[in-house]
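Analysis of the macromolecular model
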Amino acid sequence: MINRQVRQFYIDKENVDHSITDRLISGGYVQPAGGYILNAKRSGVKEPSQYWHLIYSWSAQSEDEAPFNKSIQCGELIFWMAESSGAVSKEKLNELCDQILAGDVKDRRHWNRVIQSVCYDSIVETVTKAVA
């Protein structure tokens, strides 16, 4: 999956339901600083959405053929991509959200890996089937 495909697929997803992602983030699972948070501050964006994170912070700053691969580890971004695309069922995402919020939300390394293992391959399949 490459940037061009990601952008084409997600460009119209800014206002789709992402209530499970919102619950995850409001529960404390969010990158505290650096990365897209720093980029948002530099851009004057006070509360960057995951849509902003993907489209403006990552996609707009990447070449069209740049791979969106497992080196991208931001759990809340991957979670949002899974939810907004329908790549993972709401039931499964609610279960995963419950697990994260019942655990140590500050252990981002662990939960990023779990989110990636549950969501990433389904996202790739969904996006690449929809966008050649």
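Conventions used here
- Residues numbered from 1 in each chain as written.
- Predicted model: local features only at pLDDT ≥ 70, side-chain atom pairs only at ≥ 80, totals over all residues.
- Heavy atoms only, no water.
- Salt bridge = Lys/Arg side-chain N within 4 Å of Asp/Glu carboxyl O.
- Buried < 20%, exposed > 50% of the residue type's maximum accessible area, 1.4 Å probe, protein only.
- Helix = DSSP H or I, 4+ residues; strand = E, 2+ residues; numbered from the N terminus.
- Contact = heavy atoms within 4.5 Å.
- pLDDT = per-residue confidence, 0-100.

One pass over the full model with this rule turns up eight salt bridges. With a shortest N-O distance of 3.2 Å, aspartate 12 and lysine 13 are connected by a salt bridge. Classification of aspartate 12 as exposed rests on a relative accessible area of 56%. What you see here is one network of salt bridges that share partners, running through Asp17, Glu83 and Lys90.

Right, let's get into the environment of isoleucine 25. Turning to its location among the elements, isoleucine 25 is positioned in helix H2 (residues 19-26). Taking the C-alpha atoms as reference, isoleucine 25 lies 9.6 Å from valine 105; in sequence the two are 80 residues apart. Once residues within four sequence positions are removed from consideration, isoleucine 25 is found in contact with Val30, Gln50 and Glu76.

Right, let's get into the confidence of the model for the protein chain. Parts of the prediction with low pLDDT should not have their coordinates interpreted in detail. Counting all residues, the mean pLDDT for the protein chain is 95, and 100% of those residues have values of 70 or more. Element-level pLDDT for the protein chain is lowest in helix H3 (residues 35-43), with a mean of 89, against a maximum mean of 98 in helix H6 (residues 90-102).

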